[in-house]
Amino acid sequence: MTSPMPRRVIPLKAEPPSSLSSADRKAIDGACRRLKSLPGALLPILHAVQEELGFVPKDAVPLIARELNLSIAEVHGVVSFYHYFRQQRGGRHVVHLCRAEACQALGAVALEAHAKRSLSIDYHGTTADGAISLEPVYCLGNCALGPSMMIDEELQGRVSAQRFDALMAQVRAGVTKL
Amino acid sequence: MTAVRIFVPIDAAARSVGADETAAAIAAEAQRRKIDIELVRNGSRGLLWLEPLVEVESAGRRLAYGPVAGHEVASLFDAGFASEAGRRGVKPHPKAHGPTEEIPYLKRQQRLTFARVGITDPKSVSDYLAHGGYRGLAAALALKPADIVASVTASGLRGRGGAAFPAGIKWQTVLKAPGAQKYIVCNADEGDSGTFSDRMLMEGDPFVLIEGMTIAALATGATRGYIYLRWEYPDAKRALEAAIAAAYAADYLGENIQGSGARFDLELRMGAGAYICGEETSLLESLEGKRGQVRFKPPLPAIAGLFGMPTVINNVITFASVPIILERGGPYYQNFGSGRSRGTLPLQLAGNIQHGGLVEIAFGVTLRDVLYDYGGGSLSGRPIRAVQVGGPLGAYLPASQFDTPIDYEAFAEIKGMLGHGGIVVFDDSVDMAAQARYAMEFCAIESCGKCTPCRIGSTRGVEVIDRLVAGENAPKQETLLRDLCETLTLGSLCALGGLTAYPVLSALNYFPEDFVKSKRASASA
């Protein structure tokens, strides 16, 4: 007589490995808990995570996938599809520079070159002091007053090279209200 | 004595050039001079070159001053702008423009959809009601769904997002479609460069959008709605959040709208920087929490849209045009316009233009009138060389086409499109080969990846234009480019791949000299 095989327990929802800090983890769990009952909850959750953490950490993806009963690939697919979601931590401020036609008609191409040169970064880069990340954007809806850019959530119009430099100096000096 | 009402726009465009500083300076200066004022943060009048435009209420009308920078505010008070008697005593301020309504740019417009934008306080339901708001809903509540649809059909209103599909037919399809849950979705993913009418409306008169969507719900039996707003519009987000909350508080949204027993719940959702989500089926995918990839049609969203249910999906301006149609009747709206383009179109004058802003007029005026009579020519003072109408997928038009009337069919005839009504002006310093290249680059960046011609053809397009401009076997490259454009047009599901040929080929056909190496060298010399 053989004794029955010991029963093996296969955890269906394994805890994904994670290098998240406990605060980040809490923010992600909180966003999921708050929003997961919404129909089509993934974008609202990703927005909430990015709003709190400034980006969507790689290790947030399996957590969100588990909460929404999606595959990791599906969530990664969504995060990487949308230009707005950052997958890496950015600078303290994010500058979105408009590249679209109406701003081009007023010198956006030259402004773009000036911005990259003066900050010594390319698009998607962050300045050495960690103050500013530069991102392209395709229209900010300020097409009669271009060239335009957005610093965090503040829209700026008629941005000359000079005004760009002045605004960047203010951002670096920590002037929150521009 | 009652407080003097002073208006400083809270519109994002006005704020981008210092309206907050101007408003703060006015408040501080009034306090210093002990003048009792009521500062209202209104929407923008759409005279954007005059922003920040300050208005003061006087004898039932408003007097305009602009552009007023923060440091100029004291001089306005010195000129007595805050009192009737004060204004009589001194010579007019150099920034004074007289009564706002008399400024020709505004006076010659026909503002139906934008009737209240810039007039009312966008946060206040009572102000909205005081200026004729919710009369369309009141009319709709007394009608049967089919009669609401009939009214919209009679108005001739076509989708203002770009595709210009008759709104009444779309609504009729949803009304007839069986479904346990129907949805109203507002496409507020206004991604076309040169367009800002959705943004201005949402920031300046958000209730008219909410009212229009509520009427659509009554017309089709929908009880849930979503506004899908692009993240690039944080000011519009704030305005809509406040307006939705206020509408709920006043029973204009929720389970029992104005005691009628009708239910409509409305939620704001944010996009995440994907141009393609302005395409209606991509938008629905995005709302469902997926990548914004274009769906095959059929089934139409009206039959199987959001979460597979019958869905009305329209642009902001389309919904916002509905209240006045219900209030005044379909024929009133239909009476404006030309040919099969009925009503008014809020045009947006953008780019290198002296008087950029919002011009809502009946269809039928020529592009030239808009550019010169309203726009005042280029901002740089140089000749206007090219105009792109209808966003990044619209054709570049040369001066020889400026007599084309603003009319959907007339633009289709010249292989252009009105789209969402954006007009981007370029002066003679523009390099049209660079613009064509950008069109392909933009398509490559924003392609959802579903259709191969769009996903890969756009990148090949950039390369071919580079070789053409470099003069590497130019005739062959041109043939290849035209062939590629045909493949994109015929082999793409949606307008992004399907229409990228418009800006590319119009640049090539109308401005061939910009693509020839020897001529480029002499032009830049």
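Residues numbered from 1 in each chain as written. Chains lettered and ligands numbered in written order. Predicted model: local features only at pLDDT ≥ 70, side-chain atom pairs only at ≥ 80, totals over all residues.

What should I look at first to understand the overall build of chain B in this one?
Within chain B, the secondary structure is distributed over 24 helices and 16 strands. Over its C-alpha trace chain B gives a radius of gyration of 24 Å, about what one expects of a compact globule, namely 24 Å for 525 residues. Judged by the C-alpha coordinates and their principal axes, chain B covers about 80 × 65 × 40 Å. Each of the 525 residues in chain B was classed as buried or not, and the buried ones make up 57%. (Helix = DSSP H or I, 4+ residues; strand = E, 2+ residues; numbered from the N terminus. Rg over C-alpha atoms; globule rule 2.2 N^0.38 Å. Buried ≥ 20, exposed ≤ 12 C-beta atoms within 10 Å, placed from the backbone.)

Honestly, the domain arrangement of chain B in this entry has me stumped. Any pointers?
Interfaces are often sized by the amount of accessible area the parts lose when they come together. Residues and elements named next belong to chain B. Assigned domains of chain B: these are domain 1 (4-107), domain 2 (125-334), domain 3 (338-427) and domain 4 (432-524). The C-alpha-based centres of domain 1 and domain 3 are spaced at 30 Å. Facing 5 residues of domain 1, the contacting portion of domain 3 comprises 6 residues. The residue makeup of the side of domain 1 that touches domain 3, split by class, is 4 nonpolar, 1 polar and no charged. (Domains from an automatic or database assignment. Contact = placed C-beta atoms within 7 Å. Nonpolar A, V, L, I, M, F, W, Y, C, P; charged D, E, K, R; others polar.)

I tried to follow the sheet that holds strand β4 (residues 61-65) of chain B on my own but got confused; where do I start?
The strands that make up a sheet pair up through hydrogen bonds in the backbone, lying either parallel or antiparallel. Residues and elements named next belong to chain B. Read across the sheet, 5 strands follow the order β2-β1-β3-β4-β5 without closing on themselves; strand pairing throughout is mixed. Each edge of the open sheet is held by one strand with a lone partner, namely β2 (37-40) and β5 (96-99). On average, adjacent strands in this sheet sit at an angle of 25 degrees to one another, irrespective of strand direction. Looking at chain direction, β4 and β5 are connected through 3 bridges and run antiparallel. For Y65, the partnering residue across the bridge sits in β5 and is A96. Contacts from helix α2 (residues 19-32) reach β1 (4-7), β2 and β3 (54-58) within the one sheet, and its direction differs from that of β2 by about 170 degrees. (Pairing = 2+ DSSP bridges. Axes fitted to C-alpha atoms, helices over the stretch in contact; angles between N-to-C directions.)

What's the story with the interface of chain A and chain B in this structure? I'm lost.
Between chain A and chain B, the residue contacts involve 34 residues of the former and 47 residues of the latter. Sorting the residues of the side of chain A that touches chain B by element identifies α2 (42-53), α4 (72-81), α5 (101-104) and β4 (154-156) of chain A as the ones contributing at least two each. For the side of chain A that touches chain B, the element with the highest residue contribution is α2 of chain A, accounting for 4 residues.

I keep staring at the sheet that holds strand β9 (residues 311-315) of chain B and nothing clicks. Help me out?
All names here are of chain B. Ordered by their spatial adjacency, 4 strands build an open sheet running β8-β7-β6-β9, and the pairing between neighbours is parallel. Two strands lie at the open edges of the sheet, namely β8 (265-270) and β9, each paired on one side alone. Mean inter-strand twist for the sheet, computed between neighbouring axes without regard to direction, equals 20 degrees. Bridge count for strand β6 (residues 183-188) against β9 is 5 bridges, and the pairing is parallel. Across the sheet, N187 pairs through a bridge with N315, a residue of β9.

I'm lost on helix α21 (residues 474-491) of chain B in this one. Help?
The periodicity of an α-helix, 3.6 residues per turn, causes residues three or four places apart in sequence to face the same way. All names here are of chain B. Across its 18 residues, α21 extends 25 Å between first and last C-alpha, which sits within 8% of the 26 Å expected from 1.5 Å per residue. Looking only at α21, the buried set comprises Q477, L481, L484, C485 and L488. One side of α21 carries all its buried residues, which in axial view fall inside an arc of 100 degrees. The outward face of α21, more than 90 degrees from its buried face, is lined by the exposed residues P475, K476, T479, D483 and L490. Buried residues along α21 sit against α19 (452-455), α20 (457-469), α22 (495-499) and α23 (501-510). (Expected span 1.5 Å × (residues − 1). Arc of directions from axis to C-beta.)

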